[in-house]
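Take a look at the letters that make up each chain.
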Amino acid sequence: MRAWEQYHRIIAGEAHLRHIHFREESRYPGYYYRSDFLSIDDSKWRVFTISQYNKDTNEWKFETEPYKQLVK
């Protein structure tokens with residue numbers, strides 16, 4: 001059970017880092033601005049990043065969905 005828990009943590013950590021790398025507009029605490037994309041663009045920041053991992057081919061697929069504000 002502990003081996004599977006560690007495996008899951010590795011996959012979750014890899015997914016997290018790939019999300020940060022995928023997004024050009026990053027304001028993640030501790031990494032507020034990416035050095036390769038210094039300008040701030042709210043249209044690229046206010047989106048959800050959706051990822052899918054295919055374990056058979058070991059490939060990641062990323063796409064974005066628009067942010068919808070539910071509460072003003």
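The structure displayed is predicted, hence computed values, not measured ones.

### Things to note about the side chain of Arg23
Here is step 1 of the chain: Checked against the element boundaries, Arg23 lands in the loop between α1 (2-22) and α2 (42-45).
Here is step 2 of the chain: Judged by relative accessible area, Arg23 falls into the buried class, the value being 18%.
Here is step 3 of the chain: A polar atom in the side chain of Arg23 sits 3.0 Å from the backbone oxygen of Val47.

### A word on the confidence of the model for the chain
Here is step 1 of the chain: Per-residue pLDDT for the chain has a mean of 84; in total, 88% of the residues score no lower than 70.
Here is step 2 of the chain: For the chain, per-element mean pLDDT is lowest for α2, which scores 79, and highest for strand β2 (residues 59-66), which scores 94.

The rules behind each value
Residues numbered from 1 in each chain as written. Predicted model: local features only at pLDDT ≥ 70, side-chain atom pairs only at ≥ 80, totals over all residues. Heavy atoms only, no water. Helix = DSSP H or I, 4+ residues; strand = E, 2+ residues; numbered from the N terminus. Buried < 20%, exposed > 50% of the residue type's maximum accessible area, 1.4 Å probe, protein only. Polar contact = N/O pair within 3.5 Å; in protein donor to acceptor, adjacent residues only side chain to side chain. pLDDT = per-residue confidence, 0-100.

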